[in-house]
Each structure stands twice: as C-alpha cells, then as structure tokens.
Amino acid sequence: MDVSASAAGASARVPDDRAAQRRYWDAAVETMPRERLMEAQNVLLRAQIARLWSASEFYRERLAAAGARPDDVRSVEDVSRLPVVTKEELREEQELHPPFGRFVTAPASQWQELHPSTGTTGAPVNTVWSKRDVAEITDFTARTLWQMGVRPDDVVQNAFAYGLWVAGMSVHYGAARLGAFCIPAGAAIASQRQIDYLLGVRSTVLLATPSYGMHIAETLRERGIAPEDLALRVGGFGGEAGTENASTRAKLERGLGIEAFDYYGLAEVGPTFASECEAKAGLHFAEDHILVESVDPETKRPVPDGEVGVLVFTHLSREATPMLRYWSNDYARLDRAACACGRTHVRAPGGVLGRHDDLVIFKGAKFYPVQVEKAVRAFAELADEFRIELRRTSAGSSQVSECTVVAEWAAAGSSPGIEERLRRALKEELGVTPAVRLEPYGTLERTTFKAKRIVEQAARG
Ligand SMILES: [Zn+2]
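Criteria and cut-off values
- Within each chain, residue numbers correspond to sequence positions counted from 1 in written order.
- The model is predicted, so local features are restricted to residues of pLDDT at least 70 and side-chain atom pairs to those at 80 or more, both for listing and for counting; the totals for chains, interfaces and linings are taken over all residues.
- The split into domains, and so the bounds of each, comes from an automatic or database assignment of domains.
- A pair of residues counts as a contact when their C-beta atoms, built from backbone coordinates, are within 7 Å of each other.
- Numbered from the N terminus, helices here are DSSP runs of H or I no shorter than four residues, and strands are runs of E no shorter than two.
- Exposed residues have 12 or fewer other C-beta atoms within 10 Å of their own C-beta, buried residues have 20 or more, and partly exposed residues fall in between, where C-beta atoms are placed from the backbone.
- Whether two strands pair depends on DSSP finding at least two bridges between them.
- Between the first and last residue of a helix there are one fewer steps than residues, each counted as 1.5 Å, and that sum is the expected span.

1. Details of the domain arrangement of the protein chain
When cut into domains, the protein chain gives domain 1 (20-30 + 129-356) and domain 2 (359-457). For domain 1 and domain 2, the distance between their C-alpha centroids amounts to 26 Å. Across the contact, 19 residues belong to domain 1 and 14 residues belong to domain 2. Contributions of two or more residues to the side of domain 1 that touches domain 2 are made by helix 10 (210-222) and helix 11 (246-256).

2. Some details on unusual backbone geometry
Residue Pro98 is joined to Pro99 through a cis peptide bond whose omega torsion reads -5°. Its place among the elements puts Pro99 in the loop between helix 6 (87-96) and strand 1 (111-116). Here Arg202, not a glycine, exhibits a phi torsion of approximately 60°, which is positive. Take Arg202: it is sitting in the loop between helix 9 (191-200) and strand 5 (205-208). Using a count of 12 C-beta atoms within 10 Å as the deciding quantity, one classes Arg202 as exposed. Positioned with a positive phi, Lys363 is a non-glycine residue whose angle comes to about 50°. With respect to the secondary-structure elements, Lys363 resides in the loop between strand 15 (360-362) and strand 16 (365-367). Judged by C-beta crowding, with 13 C-beta atoms within 10 Å, Lys363 ranks as partly exposed.

3. Regarding the sheet that holds strand 10 (residues 290-295)
Pairing within the open sheet is antiparallel, and its four strands lie in the order 10-11-12-14. Only two strands of the sheet have a single neighbouring strand rather than two, namely strand 10 and strand 14 (354-355). Pairing geometry for strand 11 (residues 308-315) and strand 12 (residues 326-333), over five bridges, is antiparallel. Bridged to Val308 within strand 12 is Arg333.

4. Observations regarding helix 8 (residues 166-178)
Between its first and last C-alpha, helix 8 extends 18 Å over 13 residues, near the 18 Å set by a 1.5 Å rise per residue. Here helix 8 lies mainly inside the structure; ten of its 13 residues are buried. Within helix 8, the full set of buried residues consists of Val166, Ala167, Gly168, Met169, Ser170, Val171, His172, Gly174, Ala175 and Leu178. Looking at the buried side of helix 8, the elements it contacts are strand 1, helix 7 (131-147), strand 3 (155-158), strand 4 (181-183) and strand 5. Positioned one or two residues after helix 8, Gly179 has a phi angle of 100°, which is positive.

See below:
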C-alpha cells in the first residue's frame, strides 16, 4: 500500500480551515465555570435593569408596583422576586400604546427588523431587533448550530419558515456567520422540492420543525430514496416539542440518515438560543445573554433543578424589546450539572415537555400531546402522524369529557391487535385510557410548519 497516497487522501477529507476542527464556537464563554458565569450575569443584569428603569415606562411602572427600585436588583436571585410578564400583558400594552408598546428601549435609528410572535389566539406581539441585537442573535445562533456539529464546510438546508417567523432569519444569519453554505429553502415549498435540493445540492444539514422533518422522511420512503442516497448528517429540529422523545428522535435519525438534535427558541426571547450538543443531554441555553428560570406555575418562584416548572426568561443584553421575566408557557426541567461536552451553560434534559395551553385534563389525569406522540411513535406499525380529538364538558373548560387518539396505519398496512397494544401504551404513558381510532395511511394532513395535534370538537349540548 502506498502510504503517501493514503495520507494525501486522508488529508483531503479534513477541512483545511483549522477553525472547523475547534470543538466549541466560543470556548471561553461556553465552558466558563458557573461561578464566573453568574458573576458575569450579575454585571449585565444590573446594567440592564438600570436601562429598563430609565428607558421604559412599562418596566418602570411594573418594578415600582412590585416595590422594587433598580438598586434592589443586584443578582439573579433578586430577579426571581419580580413579577413575570405574559404574552397577554405585552399584547395589551401594544394595544394601548401601538405599535410596539412602551417596552422598546432602543431609539428608532437603531432598529433593524420586526418579528411578530406567532400565536393561535389574539394579535401577535411585535418584537423589534436593533442592529446590536441582530449581531448578538447571529453570534449565539451560530453557537447553537456549531453545538449540533455544523461546520463551515457544511451545506445547510434551512427549512424553517422565512419572513416574519423568527427562526428562518436567525438561522440564516447564524449559518452565514459560521461560514456555511446556506440554501434558504424555507417552509413554503413541498417536501418533494426539499428532497430535490437534498439530492441535487447534497445538503449535509437540515433545519426544520420535527413535523416537517418527519414529513420529508416519509416522502423519501414513498419515493423509494434511501437515506444513504443523501449527504445529510445533521438535523436541527425546533419550533415544536418532541425531538427528544426517543421514538421521534429514532424515526428522524433513521428516516433521514442523520444525528437529530433538539432546537429551541421563542419569538419574544430568542429566537434560536438553545440547542443540544453532541452528548444529546438536553437543550443548552445561551446563558451569557439570557437568564433562565424554571418556576412553579402558582408561586412563580424557581423550582429546584430536576423538577418540572415553567420556563421564564430575562434578557441580559437585549436592546430593542427586552424581556424581564417573560412567561414562556413551556414546561421543562433544568440541570446545571456539568455536561459531558464540557459546556457549563444550563440544560433542559428532555427539552420542552409541554405547553401550558396544551394540557389535557381527562378523567382526572393530566397529560400533554408530546406524551401521546411518545406512545404512538413507538409502534413501527403506525405512521408518524396523529391527532388528539377532544370534546370539552363545556366550551372553554379545561375538563375534557371525550378524548380520542387518532393514528394511521403505516404504509405497509394493518397489524393484528395493534389497537389494543396502542391503548395499553397510552394508558402506561398518560395514566388514563383514551379511545383509539386508526385511519388508513395518508389520511391526516401533513404540515411544513407546526402540526396542530389537538382537534376540538363541539361540546355536546
Ligand atoms: Zn453538552
């Protein structure tokens, strides 16, 4: 064997750019000992609170109503005593003081772009990014991508929705900052065309909602294309919970031939400020920019690490529309223990466990759609889509009188006893047994954005 030839061959596969071999995007920040990280947070926090007090009538009123002066907020612990702010309050504020409310704290000359939040109910909340905000968002988004293994020689197919939705733009900026080649595919094209790009341009990274990722995998199967025929190696899936469900992750990984990572953000806070690392040990948050709390839904005070609470976020450096204790509605548990990857920033193992709005209370049991997903996707005999049909005891009530899980046969067709096995799996996962109905493959609508899992049926008169 010609040793020199094989050595040359090996070096040809290694990117020339030494930066690409770095383990971290920003080692000093990402591996900072927690004590120093918290000191840095406190310094930023004091400056941020002083700015909110002087520049925002909205926050000044709220702080004063809580009996707090800027000097009272010295550390991250002090923040936990302040009131939370909800999307409804921001919406009201913007209705009273259109179009942005009195929580914009950067002069208009510094504004770069507008991103309203998506929501199923009510008017969207307008979020403004200043030029400096965009620079920061771009940097920590590049970090989240690097964390998932994206490198400058990658071809990133961005199937997050572009336009007003935040993640399309932030990820585009982040991928460019990182130095990757980006295909701004967006979510408005059919999965067939996504596959054309995957095949034709040899994309190595796919970014999408998990629902869209599943749909693309399903279309690949239907077209008889094996994952090995693609160049994909990394997938980042956000905008919906569920990527960290073992069965969902396995289906995404097998169906697309990738390593699948959970990705998280919120219009008002993020947009893309948390992702998993190679250890797949939960979402790492960019704590040098955003303070992360998990709180008791009643008392709004932090719960101990490992306990489930609602995520609450505070911007430490956001300039245009900063959030002070923003109530995310997302349930998760936090872990500040060292991660195998060496990063010190807080993690949410398991990702988002559910949305407060999606909680189903049926026969005394409480559960989230993500738990139904876990049960359904554990069956190879079933397709990836599912719905939860609910009939409430009365309109607007959280109590549900009828609950039916609708799933589909996999393309291969029926399998004896599957309904009973699914019922048992659901009982195990939810603590209650819903009705089960199986439909032929392809019956339920597929999505390129966020799937609507819960279908409301009129309450019986
Ligand atoms: Zn890690």
